[in-house]
Amino acid sequence: MTFTAENTSCRFSVDGVELRYHEAGSGAPLVLLHGSGPGVSGWANFGANLEVLSRHFRCLVLDQPGFGASGRPEVYERNYLRIASDAVIALLDELGIEKASLLGNSMGGGVATLTALEHAGRVDKLVLMAPGGVGVNILGPEPSEGINRLLAFNADPTAERAIDWLRTMVFDPAVLTEDLIAARTAAATDPAQTKALADAYATFYNPRMAEPLPLWARLKGVPHQVLMLWGRDDRVTPVEGALFPARQLPNADLRIFSRCGHWVQVERKDAFERAVIDFLTRGM
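Conventions and cut-offs
Residues numbered from 1 in each chain as written. Predicted model: local features only at pLDDT ≥ 70, side-chain atom pairs only at ≥ 80, totals over all residues. Heavy atoms only, no water. Helix = DSSP H or I, 4+ residues; strand = E, 2+ residues; numbered from the N terminus. Rg over C-alpha atoms; globule rule 2.2 N^0.38 Å. Contact = heavy atoms within 4.5 Å. UniProt positions renumbered as here; feature names shortened; annotations may be inferred. 1 Å grid on protein atoms, 1.4 Å probe; cavity = no way out; pocket = protein on both sides within 12 Å on 5 of 7 lines; lining within 4 Å. Points joined across faces, edges and corners; volume = space filled by probe spheres on them. Core = buried A, V, L, I, M, F, W, Y, C linked by side-chain atoms within 4.5 Å. Buried < 20%, exposed > 50% of the residue type's maximum accessible area, 1.4 Å probe, protein only. Arc of directions from axis to C-beta. Expected span 1.5 Å × (residues − 1). Pairing = 2+ DSSP bridges. Axes fitted to C-alpha atoms, helices over the stretch in contact; angles between N-to-C directions. Parallel < 35°, antiparallel > 145°, perpendicular 65-115°, else oblique. Left-handed = near helix turned anticlockwise from the far one by under 90°. Nonpolar A, V, L, I, M, F, W, Y, C, P; charged D, E, K, R; others polar. Phe/Tyr/Trp six-rings, centres within 6.5 Å; stacked < 30°, edge-to-face > 60°. Lys NZ or Arg CZ within 6 Å of the ring centre and 35° of its normal.

Focus on the overall build of the protein chain
Right, on to step 1. Across its full length, the protein chain holds 11 helices and 8 strands.
Right, on to step 2. Taken over the C-alpha trace, the protein chain has a radius of gyration of 17 Å; the compact-globule value for 284 residues is 19 Å, and the two agree within 12%.
Right, on to step 3. Projecting the C-alpha coordinates of the protein chain onto the three principal axes gives extents of approximately 45 × 40 × 40 Å.
Right, on to step 4. Within the protein chain, residue pairs in contact and separated by at least 24 positions form 74% of the contacts whose partners lie at least 6 positions apart.

Have a look at this one:
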């Protein structure tokens, strides 16, 4: 079967907000959580990986609140990571799943980590791909080049700025095909999408919504087996940021991919899929 965004699409509602997810495959459940860039969605991040991963897992690719085709609360009154984490638990509840592995890219990695901390019994294993809020930059500038490009887009959401941001995502610019650029810039400049992105980021900088401790300071409390995947040439969450969580997480392995930027699942697709399958099926 050829998977498409349409034939895998499912919906459910939480507190009056309708959320979309894509489902494919059978077996142990795996929830895949996208990042936070302009025009992002679950399908944009992981649609190309479903054919392989679904042979081994029941893949559930969530559009987090406000992104993709998912609705959102009118006003964000809490840190967005908590809003998104609650959506993950709601998805598991909706499907009657007691425990699932979580795979998070960038912001999705932060959501996965918070979910593991707050709902440890609902999480099996974690795959964190250049996770937001988990790494600690000790040498490079903060914010990074990629985050600065993202913030510039938020301030002035034009197609040109979306393309500038896309270029920081990859090591090899050839990955950015005309079709990919067209699809992402069209979604990125949709007013509802740009507002959702800006509003989510605003919660990260609002002192009222600050967490008592940042994620990186809580990592010793994550008991799960963790696989961290990082592109050596990541310009959004630089690879140096992997060193602190690799030491702090009690049960973490770290794999660094050469000639690869922030999108490990795109630029090193085959190696990414093999690493995820090996890690999640080990010991089953």
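Considerations on the UniProt feature "domain: AB hydrolase-1" (unreviewed entry) in the protein chain
Right, on to step 1. Cross-referencing UniProt, the feature "domain: AB hydrolase-1" (unreviewed entry) maps to residues 29-268 in the present numbering.
Right, on to step 2. Secondary structure content for residues 29-268 is 38% helix and 15% strand, and the end C-alpha separation is 23 Å.

Some remarks on the layout of surface pockets
Right, on to step 1. Volume-wise, the largest pocket comes out at about 970 Å³.
Right, on to step 2. Looking at the largest pocket, it is lined by 34 residues, and the ones nearest its centre are Gly132, Gly133, Glu142, Phe204 and Tyr205.
Right, on to step 3. Mapped by element, the contributors of at least two residues to the lining of the largest pocket are helix H4 (107-118) and helix H8 (191-205).

Observations regarding the nonpolar core
Right, on to step 1. Ranked by size, the top nonpolar core spans 59 residues in total, and within it Val31, Leu62, Tyr80, Leu126 and Val226 carry the most contacts.
Right, on to step 2. The element best represented in this core is helix H3 (residues 80-94), accounting for 10 residues.

Digging into helix H5 (residues 145-155)
Right, on to step 1. Within the span of H5, buried status applies to Gly146, Ile147, Leu150 and Phe153. An end-on view of H5 places all buried positions within 115 degrees of arc, on one side of the element.
Right, on to step 2. The inward-facing, buried residues of H5 abut helix H6 (159-167), helix H7 (178-188) and H8.

Here's the deal with H8
Right, on to step 1. Taking 1.5 Å per residue as the helical rise, H8 with its 15 residues ought to reach 21 Å, and the 21 Å between its terminal C-alpha atoms agrees with that figure.
Right, on to step 2. Residues of H8 that are buried include every one of Gln193, Thr194, Ala196, Leu197, Ala200, Tyr201 and Thr203, and no others.
Right, on to step 3. At its buried positions, H8 is contacted by H3, H5 and H7.

Quick word on the sheet that holds strand S1 (residues 9-14)
Right, on to step 1. Pairing in this open sheet of 8 strands is mixed, and the strands run S1-S2-S4-S3-S5-S6-S7-S8 from one edge to the other. Since the sheet does not close on itself, it has two edges, and those belong to S1 and strand S8 (252-257), each with one partner. Between one strand axis and the next, the sheet turns through 25 degrees on average, direction left out of account.
Right, on to step 2. Bridge count for strand S5 (residues 100-105) against strand S6 (residues 123-129) is 5 bridges, and the pairing is parallel. Among the inter-strand pairings, leucine 102 is bridged to a residue of S6, identified as leucine 126.
Right, on to step 3. Strands strand S3 (28-33), strand S4 (57-62), S5, S6, strand S7 (226-231) and S8 of the sheet are contacted by helix H11 (residues 269-281), whose axis makes an angle of about 155 degrees with S6.

As for the packing of H5 against H6
Right, on to step 1. Viewed as axis vectors pointing N to C, H5 and H6 meet at an angle of 165 degrees, and their least axial separation amounts to 9 Å. For the element pair H5 / H6, the angle class is roughly antiparallel. Seen from above, H5 lies across H6 with left-handed handedness. Facing Gly146, Arg149, Leu150, Ala152 and Phe153 of H5, the residues of H6 in contact are Arg161, Ala162, Asp164 and Trp165.
Right, on to step 2. Of the residues assigned to the contact of H5 with H6, the class counts are 5 nonpolar, 1 polar and 3 charged.

Looking at the packing of aromatic side chains
Aromatic rings in a pair are described by how distant their centres are and how their planes are angled relative to each other.
Right, on to step 1. Evaluation of the coordinates by the stated rule reveals 6 aromatic pairs.
Right, on to step 2. Between the aromatic rings of tyrosine 201 and phenylalanine 204, the centroid separation amounts to 5.4 Å while the plane-to-plane angle is 65 degrees, which identifies the pairing as edge-to-face. You can see tyrosine 201 and its partner phenylalanine 204 sitting in helix H8, 3 residues apart, about one turn around the helix.
Right, on to step 3. Using a relative accessible area of 9% as the deciding quantity, one classes tyrosine 201 as buried.
Right, on to step 4. Relative accessible area serves as the criterion here: at 30%, phenylalanine 204 is assigned to the partly exposed category.
Right, on to step 5. The rings of Phe67, Tyr76 and Tyr80 are connected pair by pair, giving a single aromatic cluster.
Right, on to step 6. Between the NZ or CZ atom of arginine 72 and the centre of the ring of tyrosine 76, over which it lies, the distance is 4.2 Å.

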